[in-house]
Amino acid sequence: MKWGDAGSSSEKPFHWVGSAKKDYQAFPYAVQSDMGYALGLAQLGVKHPRAKPWKGDGPGIFEVVEDHIGDTYRAVYTVRFAGIVYVLHAFQKKSKTGIKTPQEDVRLIGERLKRAQQDYESRGKR
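Residues numbered from 1 in each chain as written. Predicted model: local features only at pLDDT ≥ 70, side-chain atom pairs only at ≥ 80, totals over all residues. Heavy atoms only, no water.

Enquirer: Is there a simple way to explain the nonpolar core in this structure?
Expert: Burial of nonpolar side chains together is a common tendency in soluble globular proteins. The biggest cluster of nonpolar side chains holds 18 residues, and the ones touching the most others in it are Tyr-24, Phe-27, Met-35, Val-64, Tyr-77 and Val-79. Going through the elements one at a time, helix H1 (20-25), helix H2 (29-43), strand E3 (61-68), strand E4 (71-78) and strand E5 (85-93) are the ones with two or more residues in this core. Residue contributions to this core peak at five residues, all from H2. Of all hydrophobic cores here, the second largest spans twelve residues; its members include Ile-61, Phe-81, Ile-84 and Phe-91. (Core = buried A, V, L, I, M, F, W, Y, C linked by side-chain atoms within 4.5 Å. Buried < 20%, exposed > 50% of the residue type's maximum accessible area, 1.4 Å probe, protein only. Helix = DSSP H or I, 4+ residues; strand = E, 2+ residues; numbered from the N terminus.)

Structural data, given as structure tokens:
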């Protein structure tokens, strides 16, 4: 599943929004390794088979979910903006309502998407 021709463009840089990088680095090594591969593919313009569309904030936003020793970890990123991948949020899912993502995390992703949009627009004006 591709977004574009990975061979025709260079690797897109990451921009970690808020505490996403610090939170990601706190994940177990095995989780970081698996998620890192999926995020690396996003940098090359390729969608990892297990990357799923994030519902609620429109197209171009994806989440990668990894289970590890009974815990679930997620990273949410966007490829909506040309030439850059924004990692919006990385978190251990601790929902008390089954599989539903806690509203606090949903709100945070929306806020960080707005920050990514502002950053992207400011980069064009430099």
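Enquirer: I keep staring at the packing of aromatic side chains and nothing clicks. Help me out?
Expert: Note on aromatic pairs: each is described by the distance of the centres and the angle between the planes. On inspection of all chains with the given rule, the structure shows seven aromatic pairs. With a centroid separation of 5.3 Å and an interplanar angle of 40 degrees, the aromatic rings of Trp-16 and Tyr-24 are classed as tilted. (Phe/Tyr/Trp six-rings, centres within 6.5 Å; stacked < 30°, edge-to-face > 60°.)

Enquirer: What am I meant to see in the pairing of E3 here?
Expert: Every other side chain in a regular strand lies on the same face of the sheet, so the side chains alternate between the two faces. In terms of strand pairing, strand E2 (residues 52-53) meets E3 through two bridges, oriented antiparallel. Across the sheet, the residue bridging to Lys-52 is Glu-63, located in E3. Relative to E4, E3 runs antiparallel, the two sharing eight bridges. Its bridge partner being in E4, Val-65 is matched across the sheet by Arg-74. What sits between E3 and E4 in their antiparallel hairpin is a turn of two residues, with Ile-69 showing a positive phi close to 45 degrees. (Pairing = 2+ DSSP bridges.)

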